[in-house]
Structure formats: C-alpha cells, structure tokens
Amino acid sequence: MDILDIARTRVLRDGEGLDAEQVLECLRLPDDRLPDLLALAHEVRMTWCGPEVEVEGIVSLKTGGCPEDCHFCSQSGVFDSPVRAAWLDVPSLVRAAKETAETGATEFCIVAAVRGPDRRLMDRVREGIAAIREEVDINIACSLGILTAEQAAELAAMGVHRYNHNLETARSHFPNVVTTHTWQERWETCKLVRETGMELCCGGIIGLGETKEQRAELAAQLGELAPDEVPLNFLNPRPGTPLARYPLVEGREALRTIAAFRLALPRTILRYAGGRELTLGDLGTREGMLGGINAIIVGNYLTTLGRSPEQDLELLADLKMPIKALSSTL
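Cut-offs applied
- Residues numbered from 1 in each chain as written.
- Predicted model: local features only at pLDDT ≥ 70, side-chain atom pairs only at ≥ 80, totals over all residues.
- Heavy atoms only, no water.
- Buried < 20%, exposed > 50% of the residue type's maximum accessible area, 1.4 Å probe, protein only.
- Helix = DSSP H or I, 4+ residues; strand = E, 2+ residues; numbered from the N terminus.
- Arc of directions from axis to C-beta.
- Contact = heavy atoms within 4.5 Å.
- Salt bridge = Lys/Arg side-chain N within 4 Å of Asp/Glu carboxyl O.
- Core = buried A, V, L, I, M, F, W, Y, C linked by side-chain atoms within 4.5 Å.
- Phe/Tyr/Trp six-rings, centres within 6.5 Å; stacked < 30°, edge-to-face > 60°.
- Lys NZ or Arg CZ within 6 Å of the ring centre and 35° of its normal.
- Pairing = 2+ DSSP bridges.
- Right-handed = clockwise from strand over helix to strand, strands pointing away.

J.: Account for helix H1 (residues 3-13), with residues named and values stated.
T.: Those residues of H1 lying buried are Ile 3, Leu 4, Ala 7, Val 11 and Leu 12. All buried residues of H1 project into a common sector of 105° when viewed along the axis, lining one side. Buried positions along H1 lie against helix H2 (20-27), helix H3 (34-48) and helix H9 (251-264). In the segment just after H1, Gly 15 is the residue with positive phi, at about 75°.

If you want it as structure tokens, here you go:
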C-alpha cells in the first residue's frame, strides 16, 4: 500500500503519527511525489492543529563559554569559535521581551549556553522573569540545559510556561555529535520537565551527518516523548566548529523532512527554527508553511541572523494564517 494512502488513514483520519519505518518511506519519496507529501502534511496540520501560527522570540541570557562539545555549536568553549562569553543584563532582557511582544508573539524564550544552570543563573532567571512580568504580557519559556529535579520544580514555580531541551539528533547518531553528555541525559531532562507540569519543547537539527534512517529514528523518538512543541533546525555550519564544512541541507530534502515530521507528529506545534533562511530561502519558507509548519521564531537566533519579523508577519498575512492569541496559550 502506498505510504501516502497509509498516512491518509492513520494520520489524517485517526490522528495517529507514523512510526519510524513509515517516516523513512516518506523521506525516500522521489521529488515528483513531494507536492503530494506536502499537501497531505498541510491537511494534517489544518485538521489536527488548525490554521493558527504560534510566534516566538528568543534571547540569549548567557552567551558562549559553554563547557560542552556539541559539534554544531559556536557557543562551545571547547572550539576555536568567534563567539565569546557574555551575560545580558535584566533591563536588556526586558527590552527584548517587549520587542518580541510587539510582533504579536505569545512566547519569549530565555536561553543560556551552559551544561545546566548553577545558582547564579537560576537567580538571574528568577530576576529576569519577575522584571518581564511587571512590564510585558507574554508567556516565558527557558532553555538552560540539563536539569535536576529540584531545578525543574523551581523553574515551574517561577511560572516558566515551556522548557526547551532538544534531543538534537537520533540516539544512534548522538555520540558522533556530542561526547560530553549523553542522549539519555537529555531524555531524562525532558521527562523531568513533563513531571513538573511545564510544557515541553524538544526538537533537533537536520544536517548533522545523520542518515535518512536516523532522521526517521529521531521523528519516532520525538513521537514517543510527545512534546508540546518540536523546533526543526537545519544546520547552519558555524566557523570554528567540527561541522564548519558540512553542506547545507538541500531545499527539497528540508521540505520532505518537514512534511515527514508532521506526519509523525500530527498534533504537535512544529516550529521553524534556525537555518531555514539559508536552507529554504523565501520561497521554501512559504512552502514549509504549507507543508506542516505551524509556528515560527521571528527575528534573530542566538548567534546567527534570521529574517526580519516583518517579513514573516507579512508571509502569515499573505497566507491568511492568524497568529495564535496570547489568551489561548496561557
């Protein structure tokens, strides 16, 4: 039976995600089947998630100097990267949250380049959240690395709405990308987040040298974890990192991956994240929005430039996709 016929029944009709073998079949579809795959993924998105798009902005509270050796990351202190360690002050954090809210975004994510938060970072996050809440009506998310149970509970008590901790890649490929911590440690942090009642944001990066089989493996592992949000990044090779000379993911391959992940995760917020500007460009970004994506990060990323918020908001208006209202996310 054709994989798209299987998906129409299993995913579109029943709302059940594809398994790893079925995702792999989608990833192996030839280019002439790509329009059909994208159309089905869009129909699944509209059926199980609706037309609304969740908009988010992110800011780095603590940049660079991270002790971990994630081979794709210019914030690692292990590699000869141009990014240097720096902290953002609380007034700047509040200003960034205001600018994010002015785009219509409902989510503002505070990120730190660390293995996991120490007491200084937890106190700075607490101070920042309190200051933001006094001036801005927006959900606050955090991405602070590997957590203990006590830290997860503390963040939940601060009112953190969603916590981001990506698996990054399939379990079988992870040791080729990171050696200073394990995939299992990431998985355990994701489970802690769920146990505290925070929403879980967990995705990965496409283009880390993984095979199609490993992309399908990652999709299935995310399906098992069932995060509220899955950010899809595409590798933007950074100078000084071990992956600096890796090629960009080809545009059609990126779109095929987006659609396949939507069919694996029919009810999930599937978010455009880093690297889409290089991998897909303007036209591809539009095609992805019509191929399963229902959330975007607007503005710049942590160490790389993104599209202007105005460009993305104009695209959403042109596609007649409403921005998700804050009241429905609280």
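J.: Requested: an account of the environment of Glu 16, with residues and values cited.
T.: When you line up the elements, Glu 16 lands in the loop between H1 and H2. Between the alpha carbons of Glu 16 and Leu 265 there is a distance of 7.9 Å; along the sequence they are 249 residues apart. In contact with Glu 16, other than residues within four places in its own chain, are Arg 10, Val 11 and Pro 266.

J.: Please give an account of the pattern of salt bridges that cites residues and values.
T.: Taken as a whole and assessed by the stated rule, the structure comprises 31 salt bridges. For Glu 154, the salt bridge goes to Arg 126, with nearest N and O atoms at 3.0 Å. Pair noted here: Glu 154 is in helix H6 (residues 149-158) and Arg 126 is in helix H5 (residues 119-135), with a separation of 28 residues, a long-range link. With a closest N to O distance of 2.5 Å, Arg 286 and Asp 318 form a salt bridge. Taken together, the residues Arg 286 in helix H11 (residues 281-289) and Asp 318 in helix H12 (residues 309-318) connect sequence positions 32 residues apart. Several salt bridges share partner residues, and in doing so they unite Asp 31, Glu 210, Lys 212, Arg 215, Glu 250, Arg 252, Glu 253 and Arg 256 into one network.

J.: Could you give me a rundown of the nonpolar core, with the residues and numbers involved?
T.: If you look at soluble globular proteins, the nonpolar side chains tend to sit buried side by side. Counting 97 residues, the largest nonpolar core has Ile 132, Leu 155 and Met 289 as the members making the most contacts within it. The element contributing the most residues to this core is H9, with eight residues. The residues contacting Ile 132, other than those within four sequence positions of it, are Leu 93, Val 94, Ala 97, Phe 108, Ile 110, Ile 138 and Ile 140. Grouped together as the second largest cluster of nonpolar side chains are six residues, Cys 109, Val 111, Ala 141 and Ala 273 included.

J.: Describe the packing of aromatic side chains, listing the residues and the values that go with them.
T.: Under the definition given, this model contains one aromatic pair. Each ring, one from Trp 183 and one from Trp 187, has its centre 5.1 Å from the other, and the planes form 20°; the classification is stacked. Of this pair, Trp 183 and Trp 187 both sit in helix H7 (residues 183-196), four residues apart, which is roughly one turn of that helix. Note that Arg 120 overlies the ring of Trp 87, its terminal NZ or CZ placed 4.0 Å from the centroid. Of note, Arg 267 hangs over the ring of Trp 48, and the distance from its end group to the ring centre comes to 4.1 Å.

J.: Describe the side chain of Glu 253, with residues and values.
T.: Along the chain, the position of Glu 253 falls in helix H9. Not counting residues within four places of it along the chain, the set of residues in contact with Glu 253 comprises Leu 27, Lys 212 and Arg 215.

J.: Outline the pairing of strand E9 (residues 269-272), supporting the account with residue identities and numerical values.
T.: Two faces belong to every sheet, and in a regular strand the side chains alternate between them. Neither face of E9 is left uncovered, since the one carrying Ile 269 and Arg 271 and the one carrying Leu 270 and Tyr 272 both have all their residues buried. In this sheet, E9 lies alongside strand E8 (residues 229-234) in parallel orientation, the contact comprising four bridges. In the sheet register, Leu 232 faces E9, and the bridge partner there is Tyr 272. As a crossover connection, the stretch from E8 through H9 into E9 is right-handed. Here E9 runs beside strand E10 (residues 295-297); their pairing, made up of two bridges, is parallel. Bridge assignment links Tyr 272 to a residue of E10, and that residue is Ile 296.

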